[in-house]
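Residues per chain are reported as follows:
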Amino acid sequence: MSLRKFITNKTTAALAVLLTVFANTSAFAQAAAGAAAAPKVDMGEVYKSVIFYILIFLAVCLFIAIIGKAIRVYELSREAQGKPVGINWNRIHASLFALFLVLGLYGVYWEYTVHGAMLLPDAASEHGKKIDEMFNLTLIITTIVFIATHILLFGFAYIYKYSAKRKAYYYPHNNTIEKIWTIVPALVLTVLVLMGFLTWRSIFFKVEDPKNKAVQIEVTSEQFKWSIRYPGADGIVGNKNYKLTTATNPLGIDFKDLNSRDDEMADEMVLPVNKPIKLILTSKDVIHSFYMPHFRVQLNTVPGMRTIFEFTPTKTTAQMQQETNDPNFKFLFFCAKICGSGHYNMQKVVRVVSEAEYKTWLAEQKTYLNDDLRKQFNLPVAPAPVKAAADSTATDSAAVKTNQMALNK
Ligand SMILES: [Cu+2]
């Protein structure tokens, strides 16, 4: 194809596009004009179309270009007549900098007050308070630096705008200033990083108190739901193995492990207040993220891996309902990793209650092990031996350990 023909083709194509656009918009116009007689006009479609916004954008650009050209003509004509320059652009730019500073600082204030009020309520867990303290300290320091540097940046641009009466002072280097703005941020950042490290360590490395053992809860994620498993009377969540996954045993729980036999399934997560909770997080398919915003807990659930997080809830749901003045308040946990089309739906209720309420609730939950699974694992269709009286935790775990040793042999 010759270049000329190519260009002609291109021009025709461009004209065709323009004509289509025009035809479409005039069709809208006709429709609107025709509908003027009719009682109802649906203009929604016009405003939703991309072309509408592109045309608006082009019109604004054209308007600015015309104004620019007009100003240029005005200036050139003054220059031709030997008159001084009509518009002091330095002054205009400097004033715009000052205006931007004032509007920007007001915007910051607005964000802090309006959106700041939408932040999460106070942490409902022990370690959550430490995380909040760190967050607030970092926010205070960065806000001070942000406001100071922006006042300097835009303030200098305004104060030191060009003036014919003033000559710029040549000031290439100052060691003292260099030292101050290197050492001060380095010190502040070191303190923040150290604080973060120590807080992180205090959250993740805990020595277990034998008198106050953590309540184990296993959470399994899959597209797109959560399964919650409680350990039953022995206090230990039993083993599972993905190879054992079947329609009747969706979590692949290994019922040869005696610890599994009294494990319970739950529809919601119920936690005793002021007791340490040990979450065992696993995933069946892809990486999900277990997220409990009110307790400041967030950890990935990874297929083929157990991740552990220990925390202590400090506020009951009832207490939180009073504090937030919302009788419908509920703690929730979510998935915080876009894991597929049903991701938004992955949430469950967390109910924090007194220890007595927790015990009553736990006693009412169904065990995972049912008659179908007993047959599958060749177990006698009778109550499991481990599922004894709910209070004999100590003797049960001892029995479980002996049983497990016997199994391992
Ligand atoms: Cu998800």
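Keep in mind that what you see is a predicted model, and the values were worked out from it rather than measured. (Residues numbered from 1 in each chain as written. Predicted model: local features only at pLDDT ≥ 70, side-chain atom pairs only at ≥ 80, totals over all residues.)

## Comments concerning the overall build of the protein
Where we set the bar: For the purposes of this entry, the term helix denotes a DSSP run of H or I that reaches at least four residues, the term strand denotes a run of E that reaches at least two, and both are numbered from the N terminus. Residues are called buried when their C-beta atom has 20 or more other C-beta atoms within 10 Å, exposed when it has 12 or fewer, and partly exposed otherwise; all C-beta atoms are positioned from the backbone.
Summing up its helical and strand segments, the protein has eleven helices and ten strands in all. Out of the 409 residues in the protein, the part that is buried amounts to 17%.

## Concerning the sheet that holds strand β3 (residues 264-266)
Just so we agree on the cut-off: We treat two strands as partners when DSSP finds at least two bridges between them. Here the axes come from fitting lines to C-alpha atoms, over the contacting stretch only for helices, and the angles between their N-to-C directions go from 0 to 180 degrees.
Here five strands make up an open sheet; going across it, the order is β3-β2-β1-β5-β8 and the pairing mixed. The open sheet has two edge strands with one neighbour each: β3 and β8 (307-311). The sheet shows a mean angle of 30 degrees between the axes of neighbouring strands, direction not considered. Sheet topology note: the strand β5 (residues 277-283)/β8 ladder contains five bridges and is antiparallel. Each bridged residue has a counterpart across the sheet, and for I277 the counterpart in β8 is F311.

## Re the sheet that holds strand β7 (residues 297-301)
Sheet architecture is open: five strands sit in the order β4-β10-β9-β6-β7, paired in mixed fashion. Of all strands in the sheet, those bounded by a partner on one side alone are β4 (269-272) and β7. The sheet shows a mean angle of 20 degrees between the axes of neighbouring strands, direction not considered. Strand direction decides the pairing type here: strand β6 (residues 288-292) and β7, joined by five bridges, are antiparallel.

## Focus: the pairing of β5
Counting buried positions along β5 yields five of seven residues, so the element is predominantly enclosed. In the sheet, strand β1 (residues 215-222) pairs with β5 via seven bridges, with the strands oriented parallel. Across the sheet, Q216 pairs through a bridge with K278, a residue of β5.

## Some words on the packing of helix α5 (residues 126-159) against helix α6 (residues 175-204)
Here is the rule we go by: The cut-offs work like this: below 35 degrees is roughly parallel, past 145 is roughly antiparallel, 65 to 115 is roughly perpendicular, and the gaps in between are oblique. Throughout, a residue-residue contact means that the two C-beta atoms, derived from backbone geometry, are no farther apart than 7 Å.
Between α5 and α6, whose axes approach to 10 Å, the crossing angle comes to 170 degrees. In terms of their interaxial angle, α5 and α6 are classed as roughly antiparallel. Here H127, K130, I131, M134, T138 and I141 of α5 come into contact with α6, specifically with V188, L192, M195, G196, T199 and I203.

## Some details on the packing of helix α4 (residues 89-115) against α5
Using the following cut-off: Crossings are assigned a handedness: left-handed for a near helix turned anticlockwise from the far helix by less than a right angle, right-handed for a clockwise turn.
Where α4 contacts α5, the axes come no closer than 7 Å and their chain directions differ by 160 degrees. When the axes of α4 and α5 are compared, the pair comes out roughly antiparallel. The two elements α4 and α5 meet at a crossing, and its hand is left-handed. Across the interface between the two elements, A94, F97, A98, F100, L101, G104 and L105 of α4 pack against I147, H150, I151, F154, G155, A157 and Y158 of α5.

## A few points about the confidence of the model for the protein
To keep it simple, the criterion reads: Per-residue confidence from the predictor is reported as pLDDT, which spans 0 to 100.
On average, residues of the protein score 81 in pLDDT, and 81% of them are at 70 or above. For residues 1-38, every residue scores under 50 in pLDDT, and the model assigns this stretch seven contacts once sequence neighbours within four places are set aside. Across residues 387-409, confidence stays below pLDDT 50; counting only partners more than four residues off in sequence or on other chains, it has 25 contacts.

## Here's the deal with the UniProt feature "transmembrane region" (unreviewed entry) in the protein
Test applied: UniProt positions are given in the numbering used here, feature names are shortened, and annotations may be inferred rather than shown by experiment.
Mapped onto this numbering, the UniProt entry annotates "transmembrane region" (unreviewed entry) at residues 50-71, 92-110, 137-160 and 180-200. The straight-line gap between the two end C-alpha atoms of residues 137-160 is 34 Å; of that span, 96% is helix and 0% is strand.

## Regarding the nonpolar core
What counts is decided by this rule: We define the nonpolar core as any set of buried residues of the types Ala, Val, Leu, Ile, Met, Phe, Trp, Tyr and Cys, connected via C-beta atoms lying within 7 Å of each other.
Within the largest apolar cluster, 18 residues are counted, with the highest numbers of intra-cluster contacts made by M269, L271, M292, F295, F333 and V350. At the level of secondary structure, the elements contributing two or more residues to this core comprise β4, β5, β6, β9 (331-335) and β10 (347-353).

## Concerning the pairing of β9
Burial along β9 is one-sided: F331, F333 and C335 are buried, and none of L332 and F334, which face the opposite way, are. Note: β6 against β9, two bridges, orientation antiparallel. The residue of β9 that forms the bridge with F290 is C335. Sheet topology places β9 next to β10; four bridges connect them, and they run antiparallel. Within β10, the residue paired with F331 across the bridge is V350.

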